[in-house]
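Okay, here's what each chain looks like letter by letter:
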Amino acid sequence: MRKEIIALTIAGNDSDGSAGMSADLHSFYARQVYGMGLLTAAVAGNTTGIYAQEVMPIPFIQKQFDVLNDDFKIDALKTGMLANKDVIACVAANLHKYDMGKIVLDPVIMTKHGDTLLDDDAYQAFLEQLMPLADIITPNFYEQKKLTGLSLDTKDEIRQGAKKLQEMGAKNVLMKGRHDNSQQSQVTDILLTADGEFHEFTKPFINTDRINGTGDTLSAVIAAELAKGQSIIASVQTAKDFTYEAIAHPIEVGSKYGPINHFAAQQNLK
């Protein structure tokens, strides 16, 4: 009997399967690790929008932490939607209490379109309680701007921003490339590793509205690869390749802003 590698997502679930915990579990499966989900919130939505959401009660979130750690050895985890300061405090306390391997922090502070997702109290809790625990943080462009206070108009400024996030506690920082200009030809992510070195990962830009779950998938694949014992650099490279393949082979699901294609990514990356 084979002992499975386990990765955990601590996140909200999108009912249409495109993002959040659903995308994370798709990614874990595709990268051949056993995925577990600790639910923080539930979203009622489809490809046209989000229409309702419920945050899980703190005692229920706590019970999930306890029962999972009573029975399983978790090799790596990633965080997703942590809706308020109480949820953030609960998650942070349990990351101190239990050893669940490498920690991938996907901030979920702002959407890829620049809309704010956390109120001020929750944002401050995120900075103080979660940032110092991250083995790697994976903010999108708008999250980078909020976290650093910089405009990030140049590569030098992006590198400066990465150093600032490292000073705030994250061991490794992945500054995901901006992808909101239909005229751009490529997307470059910049990784600052714990040793102070920079690494760049570039893929062609694909102008598509089938990108739901992109950030979730990238961070989930990083967590899956870290769970296997891969290095930060190798994990980010695999995640970048996987996410690109998932975007490059669109599927028709829903009527508007559809999900990326985990099937194609799984088939094209062995």
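Attention in this report is confined to the structure presented alongside it. (Residues numbered from 1 in each chain as written. Predicted model: local features only at pLDDT ≥ 70, side-chain atom pairs only at ≥ 80, totals over all residues. Heavy atoms only, no water.)

## Digging into the packing of helix H1 (residues 21-30) against helix H7 (residues 214-227)
Here is step 1: Direction vectors running N to C along H1 and H7 enclose 40 degrees, while the axes themselves pass 8 Å from each other. On the basis of their axis angle, the class for H1 and H7 is oblique. The handedness of the crossing between H1 and H7 comes out as right-handed. For the pair H1 and H7, the contacting residues are Ala23, Asp24, Ser27 and Phe28 in the first and Asp216, Thr217, Ala220, Val221, Ala223 and Ala224 in the second.
Here is step 2: Counted by class, the contact of H1 with H7 contains six nonpolar, two polar and two charged residues. (Axes fitted to C-alpha atoms, helices over the stretch in contact; angles between N-to-C directions. Helix = DSSP H or I, 4+ residues; strand = E, 2+ residues; numbered from the N terminus. Parallel < 35°, antiparallel > 145°, perpendicular 65-115°, else oblique. Left-handed = near helix turned anticlockwise from the far one by under 90°. Contact = heavy atoms within 4.5 Å. Nonpolar A, V, L, I, M, F, W, Y, C, P; charged D, E, K, R; others polar.)

## Quick word on the side chain of Arg210
Here is step 1: Looking at the secondary structure, you find Arg210 in the loop between strand E9 (198-204) and H7.
Here is step 2: The exposure class of Arg210 is buried, given its relative accessible area of 12%.
Here is step 3: Within polar-contact distance, the side chain of Arg210 engages the backbone oxygen of Lys256 at 3.2 Å.
Here is step 4: Arg210 has contacts with Pro250, Ile251, Glu252, Val253, Gly254, Ser255, Lys256, Gly258, Pro259 and Ile260, leaving out every residue within four places of it along the chain. (Buried < 20%, exposed > 50% of the residue type's maximum accessible area, 1.4 Å probe, protein only. Polar contact = N/O pair within 3.5 Å; in protein donor to acceptor, adjacent residues only side chain to side chain.)

## Brief notes about the pattern of salt bridges
Here is step 1: Using the criterion set out here, one finds 14 salt bridges in the structure.
Here is step 2: Here Glu4 and Arg2 are joined by a salt bridge, their closest N and O atoms 2.7 Å apart.
Here is step 3: Accessibility expressed as a relative area gives 31% for Glu4, which makes it partly exposed.
Here is step 4: Salt bridges here are not isolated pairs; linked through shared partners, they connect Asp24, Lys78 and Asp106. (Salt bridge = Lys/Arg side-chain N within 4 Å of Asp/Glu carboxyl O.)

## Here we look at the packing of aromatic side chains
Each pair of aromatic rings is reported with the distance of its centres and the angle of its planes.
Here is step 1: Overall, the coordinates contain one aromatic pair when judged by the stated rule.
Here is step 2: Measuring from ring centre to ring centre gives 5.4 Å for Phe141 and Tyr142, while their planes differ by 75 degrees; the resulting arrangement is edge-to-face.
Here is step 3: Overall, the relative accessible area of 8% leaves Phe141 in the buried class.
Here is step 4: Positioned above the aromatic ring of Tyr123 is the side chain of Lys146, whose terminal nitrogen or guanidinium carbon lies 4.4 Å from the ring centre. (Phe/Tyr/Trp six-rings, centres within 6.5 Å; stacked < 30°, edge-to-face > 60°. Lys NZ or Arg CZ within 6 Å of the ring centre and 35° of its normal.)

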